[in-house]
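Here are the chains, one letter per residue:
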Amino acid sequence: MKNLSRLFFVAVLIASFSTSNAQDKNNPWAVAFGANAVDFYPVGEEAPQGDYFDQYFQVGDHWNIIPSISTLSVSRYLSDGFTVTAKGSINTIDKFGDSSVDDLTYYGLDGNVSYSFMDLLNSKTIEPYLGVGGGYTWVDEIGAGTLNGTLGFKFWFSEKLGVDIQSAYKHSFEDYLPSHFQHSVGVIFKFGGTDTDGDGIYDQDDACPEEAGLEIFNGCPDSDNDGIQDSKDDCPYTAGLPEFNGCPDTDGDGVVDKDDKCPEVAGLKTLAGCPDADSDGVADADDKCPDTAGPAANNGCPWPDTDGDGVLDKDDKCPNEAGTVANNGCPEIAPTEEVMDTLNEYSRSILFNSGRATFQKQTNQVLQSMVAIFKEYPKASFSLEGHTDSDGSKSSNQALSERRANAVRDYLIANGISADRLTAAGFGETTPIASNSTSAGKKENRRVEVKLKS
């Protein structure tokens, strides 16, 4: 009977307490209910308790849980991300650290001030928060005050409904009540906002609270839906343009009809209202290539790139031979040391099927990247060198390294690289770059290297 009285006392206090995990100024109140778990183990005490955070998630061994709704909280938002909370909880204790105990009753009444990081994260759904507070906890006939620290996350399914996951450390002020962790999860519901005109904008943020409007206009209406609120629209019931104070433009091109050289055909302001089909800045009437974008200096036609190297002929010093932008359209003669390092990063990441010279499917992108680099240097020659780890016989490793080097060469040739530029050789297990005594070292030794010949 005494315990029931305590529980009733907790419920009355919670119902009359004007605080808790509220979320924002428009919905300042929140109610949450759910389940809780009490864990006496990871609190930095001697056996049967353990070190701080030791076996923190050992649910089956240490957590005390009852399969029913066992927490209730009420919240109110304060300001600037701060919320104050009152929370009541019940539980049954049959695990005290590593020991079992007879079923003991557990009651908690706690107050908490928390700070939300939701705005800092610019998130609409995930809300982490930290809190500090205190309360009073009873375990069977023993009760004491506690100092509480809280870490939690709220996940919002909608503006008003979410789930709250929380872990609190409760430090007892009395030796006879052990410090402990209390974890909880529950459904949270926000409420309290007023929206007189039903436009989804709460009255305290609504510049026109008696007339349904739009959020972008702070709740004021835009009757013709032209993006200009009625109070600033010279034609509030006819859709128009902002530059004409909401009044229309016949062809909808943003050019006033009296200034439009093509008033019946939508065009561009820069071309006095006349059209430019290819958007190259040259009016169609003056464009020799009206359907293909080109510069005005070439009468609206594009500059050619005969060799397709990305350098226009007018800027290309080798217009009939593919080259690079850095070399003014002429081909690079030899790759730099950085380019060779990049090639070898690719080649060492080539994946072969185990014991074979065939490629794994995911290697295709790496090989294509190598092909692109080889094509940038059409006058350079390379040697492809295969290597293995020490597993297997030397003769089989030698043969495997040769086959893999040739497999890479064959792929490059099949993808447009001249065979005259490529040689392949195998070195088996003779030149390791790491220890063959570890799997990591063996992985590094199984490789193909690229060397510049000329």
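What you are looking at is a predicted structure, and each value in this text was computed from that prediction instead of being measured.

Draft legend 1. Spatial organisation of unusual backbone geometry. Of note, the bond from Ala 47 into Pro 48 is cis; its omega dihedral lies within 30 degrees of zero at 10 degrees. Within the secondary structure, Pro 48 sits in the loop between β1 (29–39) and α2 (59–62). Not every positive phi belongs to a glycine, and Asp 140 is a case in point at roughly 60 degrees. Inspection of the secondary structure puts Asp 140 in the loop between β6 (126–139) and β7 (142–156).

Draft legend 2. Examining the environment of Ala 372 more closely. With respect to the secondary-structure elements, Ala 372 resides in helix α5 (residues 364–376). The class for Ala 372 is partly exposed, based on a relative accessible area of 41%. Linking Ala 372 and Ile 417, residues 45 residues apart in sequence, is a C-alpha distance of 9.6 Å.

Draft legend 3. Representation of the packing of aromatic side chains. Counting across every chain of the model gives 15 aromatic pairs. Judged by centre distance (5.2 Å) and plane angle (55 degrees), the rings of Tyr 169 and Phe 181 are tilted. Residue Tyr 169 is located in strand β8 (residues 161–172), and its partner Phe 181 is located in strand β9 (residues 180–191); the two are separated by 12 residues in the primary sequence. With a centroid separation of 6.2 Å and 15 degrees between ring planes, the pair formed by Phe 189 and Phe 191 is classed as stacked. On the basis of relative accessible area, Phe 191 is assigned to the partly exposed category, the value being 30%. Taken together, the ring pairs in this structure connect Tyr 52, Phe 53, Tyr 56, Phe 57, Tyr 169 and Phe 181 into an aromatic cluster.

Draft legend 4. Structural detail: the pairing of β7. Pairing geometry for β6 and β7, over 14 bridges, is antiparallel. Its bridge partner being in β7, Trp 138 is matched across the sheet by Gly 143. Linkage of β6 to β7, two consecutive antiparallel strands, is achieved through a turn of 2 residues, within which Asp 140 is found at a positive phi near 60 degrees. In terms of strand pairing, β7 meets β8 through 11 bridges, oriented antiparallel. When the bridges of β8 are listed, Thr 150 appears paired with Ala 168. From the end of β7 to the start of β8, which pair antiparallel, there are 4 residues.

Draft legend 5. Up close: the sheet that holds strand β12 (residues 447–452). Read across the sheet, 3 strands follow the order β11-β10-β12 without closing on themselves; strand pairing throughout is mixed. What marks the edges here is a single partner per strand, and that holds for β11 (422–426) and β12. The average undirected angle you get between the axes of adjacent strands in this sheet is 20 degrees. Where strand β10 (residues 382–387) and β12 come together, 6 bridges link them in antiparallel fashion. Each bridged residue has a counterpart across the sheet, and for Ser 383 the counterpart in β12 is Lys 451. Along the sheet, helix α6 (residues 394–414) makes contact with β10, β11 and β12, crossing β11 at roughly 165 degrees.

Draft legend 6. Expanded view of empty space enclosed by the protein. Inspection of the entire model under this criterion finds 1 cavity of 30 Å³ or more. In this structure, the largest cavity encloses a volume near 260 Å³. Looking at the largest cavity, it is lined by 23 residues, and the ones nearest its centre are Ser 73, Thr 85, Lys 87, Gln 166 and Ser 184. Ranked by residues supplied to the lining of the largest cavity, first place goes to β9 with 5 residues.

Draft legend 7. Seen up close, the side chain of Asp 316. In this fold, Asp 316 is placed in the loop between β9 and α4 (337–348). For the buried residue Asp 316, which engages in no salt bridge, the nearest side chain bearing the opposite charge is Lys 317, 9.4 Å off. A distance of 2.8 Å separates a polar side-chain atom of Asp 316 from the backbone nitrogen of Cys 318. In this view, Asp 316 contacts Asp 305, Asp 307, Asp 309, Val 311, Asn 328, Gly 329 and Cys 330; residues no more than four positions away in its chain are not counted.

Draft legend 8. The arrangement of α4 in detail. End to end, α4 covers 16 Å across 12 residues, agreeing with the expected 16 Å (1.5 Å per residue, within 8%). Of the surrounding secondary structure, the elements contacted by the buried residues of α4 are α5, β10 and β12.

Draft legend 9. Focus on the layout of surface pockets. For the largest pocket, the calculated volume is near 790 Å³. Of all the elements in the fold, those that place two or more residues in the lining of the largest pocket are β5 (99–116) and α3 (118–121). Here the lining of the largest pocket gets 3 residues from one element, more than from any other, and that element is α3. Residues that form the lining of the largest pocket fall into these classes: 7 nonpolar, 9 polar and 10 charged.

Draft legend 10. Structural detail: the nonpolar core. Residues Leu 343, Met 370, Phe 374, Phe 382, Val 408, Leu 412 and Val 450 are the most contacted members of the largest nonpolar core, which totals 23 residues. Elements represented by at least two residues in this core include exactly α4, α5, β10, α6 and β12. It is α5 that provides the largest number of residues to this core, a total of 6 residues. For Phe 382, the residues in contact, after removing those within four places along its chain, are Pro 335, Met 340, Leu 343, Phe 374, Arg 421, Leu 422, Thr 423, Val 450, Lys 451, Leu 452 and Lys 453.

Draft legend 11. Molecular detail of the environment of Asn 225. Relative to the assigned elements, Asn 225 resides in the loop between β9 and α4. For the pair Asn 225 and Pro 236, spaced 11 residues apart in sequence, the C-alpha to C-alpha distance is 8.9 Å.

Draft legend 12. Just α6, in detail. Its 21 residues place the ends of α6 30 Å apart at the C-alpha level, agreeing with the 30 Å of an ideal helix rising 1.5 Å per residue. Inspection of α6 places Asn 397, Leu 400, Ser 401, Arg 404, Ala 405, Ala 407, Val 408, Arg 409, Tyr 411 and Leu 412 among the buried residues, and these make up the whole buried set. Of the residues one or two after α6, Gly 416 is the one with positive phi, at around 100 degrees.

The rules we used
- Along each chain, the written sequence defines residue order, and numbers are assigned to residues from 1.
- Totals for whole chains, interfaces and linings use all residues, but because this is a predicted model, local features are given only for residues with pLDDT of at least 70 and pairs of side-chain atoms are given and counted only at 80 or more.
- Think of the side-chain values as coming from all heavy atoms in the structure, minus any hydrogens and water.
- The secondary structure listing takes helices from DSSP runs of H or I that are at least 4 residues long and strands from runs of E that are at least 2 residues long, numbered from the N terminus.
- The rule is simple: take the accessible area with a 1.4 Å probe, protein chains only, and divide by the maximum for that residue type; under 20% is buried, over 50% is exposed, in between is partly exposed.
- Two aromatic rings from Phe, Tyr or Trp, using only the six-membered ring of Trp, form a pair when their centres are within 6.5 Å; if the ring planes differ by under 30 degrees the pair is stacked, by over 60 it is edge-to-face, and anything between is tilted.
- Should DSSP find at least two bridges between two strands, the strands are taken to pair.
- The convention used is that axes are lines fitted to C-alpha atoms, helices contributing only their stretch in contact, and that angles between N-to-C directions extend from 0 to 180 degrees.
- Here, two residues are considered to be in contact whenever any of their heavy atoms come within 4.5 Å of each other.
- Site definitions follow a grid-based scheme: protein atoms alone, a 1 Å grid, a 1.4 Å probe that fits but cannot get out for cavities, and for pockets an open set with protein on both sides within 12 Å along at least five of seven lines, plus lining residues having an atom within 4 Å of a point.
- Grid points are joined across faces, edges and corners, and a volume is the space filled by probe spheres set on the points.
- Charge counting treats Lys and Arg as positive and Asp and Glu as negative, with His and both chain ends excluded.
- Whenever a carboxyl oxygen of Asp or Glu lies within 4 Å of a side-chain nitrogen of Lys or Arg, that contact is scored as a salt bridge.
- For the purposes of these results, a polar contact is taken to be a pair of N or O atoms within 3.5 Å, where, inside protein, one atom must be able to donate a hydrogen and its partner to accept one; residues adjacent in sequence count only when each atom of the pair is a side-chain atom.
- Helix span, expected: 1.5 Å multiplied by one less than the number of residues in the helix.
- Throughout this entry, Asp, Glu, Lys and Arg are counted as charged residues, while Ala, Val, Leu, Ile, Met, Phe, Trp, Tyr, Cys and Pro are counted as nonpolar. The remaining residues, Gly among them, count as polar.
- Only buried residues count toward a nonpolar core. Its members are Ala, Val, Leu, Ile, Met, Phe, Trp, Tyr and Cys residues joined through side-chain atoms within 4.5 Å.

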